[in-house]
Amino acid sequence: MTDSAYFDLEDFLFKERAEVEKALGRSLKYLDRYLPVGLAKPVRDAVMAGGKRLRPILCALVYRKCGGQIGPAAYDLGVSIELIHTYSLMHDDLPCIDDAQLRRGSLTTHKIYGEEIAVRAGLALIPAASLQAIRAIRELGCDEKISQNILIELNCAAGAGGMVGGQYLDLMAEDLVLDSDKLENVHCMKTGALLTASLVMGGLAAYASEDKITGLKKYGRAVGLAFQITDDILDETSSSKDLGKNPSDGLLDKVTYVSIYGVEESMRIARDLSDEAVGVLREAGIESPELNAIARYIVERKL
Ligand code: GRG
């Protein structure tokens, strides 16, 4: 099966999600050893609350596509990114940021356990993610240089030059009129950096060539941007009930692709980015039905 048009993405994602859930369970067993009782439950609830699990799925998929021998350790590596993603959602939902009540169809952590607990549960996940990556790297048998590069990738994507910096710029943008270039940069940092790290970490762990890593970065930039534009479109066009979360940006009157270009044009831009991502893979020699289908799914998703 070579054509993504005949690839059953739903079935693929379903099976991959099951592997990710198992890996998350393994990760929580470690966390339970040192998390105080009062934090263990909120952390577990948030980590196991579902979601698309796209980041760990991408990490394990790229690892396999770049020649890695797939097994539990590849998913364990992907879980390190999901732990960062989980903390970011938990903190993004806090009253001081988006003040959201709903996430993944359930009440947000601070709504159930209070703000004090949600702040600490989120913070506990940050070092836990690095420790998780270190365990996975050891399981995978990566050498020292690759191990360092994987940890650098994870921490840079999560930090000031990536997700946290992008979230800060996004916050600052509430009082500014952003042009589309600046908005693109915010999206690439806030959302794209972690998605790209998922791909790059999988590639690095499989000792992918520099050309392939460059291709993965370009694919990540395009799908990351398409992902956030689609998020903005869904915020505008779907209800909280359908999304399982509170649409936020529209309510805050923030500049988004939708507010600049409207829904139709934003959809066209997202589709073009998805095409661009597929083209990049072809050029880098890492085209695969799964990655092609995921690039399409990212702009066609309803959740
Ligand atoms: C400490 C102020 C402070 C910030 C911490 C909160 C934060 C850093 C960053 C926010 C980053 C963020 C929430 C970006 C949005 C990314 C995004 C589109 C998330 C939704 O991802 P999905 O759709 O979610 O993959 P699921 O639920 O499927 O996992």
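Presented here is a report on the structure given in the accompanying data block. (Residues numbered from 1 in each chain as written. Predicted model: local features only at pLDDT ≥ 70, side-chain atom pairs only at ≥ 80, totals over all residues. Heavy atoms only, no water.)

**Here's the deal with the overall build of the protein**
Right, so step 1: Counting its secondary structure elements, the protein contains 14 helices and two strands.
Right, so step 2: At 18 Å, the protein has a C-alpha radius of gyration in line with the 19 Å of a compact globule built from 303 residues.
Right, so step 3: Overall, the protein is about 50 × 45 × 35 Å in size when its C-alpha atoms are taken along their principal axes.
Right, so step 4: Sequence-distant contacts, at least 24 apart, represent 74% of the contacts inside the protein between residues at least 6 apart. (Helix = DSSP H or I, 4+ residues; strand = E, 2+ residues; numbered from the N terminus. Rg over C-alpha atoms; globule rule 2.2 N^0.38 Å. Contact = heavy atoms within 4.5 Å.)

**Some points on the environment of aspartate 235**
Right, so step 1: Along the polypeptide, aspartate 235 turns up in helix H10 (residues 210-237).
Right, so step 2: What makes aspartate 235 buried here is its relative accessible area of 14%.
Right, so step 3: Through-space distance from the C-alpha of aspartate 235 to that of valine 258 is 9.5 Å; in sequence the pair is 23 residues apart. (Buried < 20%, exposed > 50% of the residue type's maximum accessible area, 1.4 Å probe, protein only.)

**Thoughts on the site of the ligand**
Right, so step 1: Around the ligand sit 18 residues in total, of which Lys52, Arg55, His85, Arg104 and Gln167 are the nearest.
Right, so step 2: A distance of 2.5 Å is found between an oxygen atom of the ligand and a side-chain nitrogen or oxygen belonging to lysine 52.
Right, so step 3: Arginine 55 places a polar side-chain atom, nitrogen or oxygen, 2.8 Å from an oxygen atom of the ligand.
Right, so step 4: Protein contact buries 85% of the 740 Å² of open area that the ligand shows by itself. (Near = heavy atom within 4 Å. Polar contact = N/O pair within 3.5 Å; in protein donor to acceptor, adjacent residues only side chain to side chain. Areas by Shrake-Rupley, 256 points an atom, 1.4 Å probe, with all protein chains shown as cover.)

**Notes on unusual backbone geometry**
Right, so step 1: Phi angles above zero are rare outside glycine, and arginine 53 is one such case at about 60°.
Right, so step 2: Positionally, arginine 53 belongs in the loop between helix H2 (37-47) and helix H3 (54-65).
Right, so step 3: Residue aspartate 99 is not a glycine yet carries a positive backbone phi of 50°.

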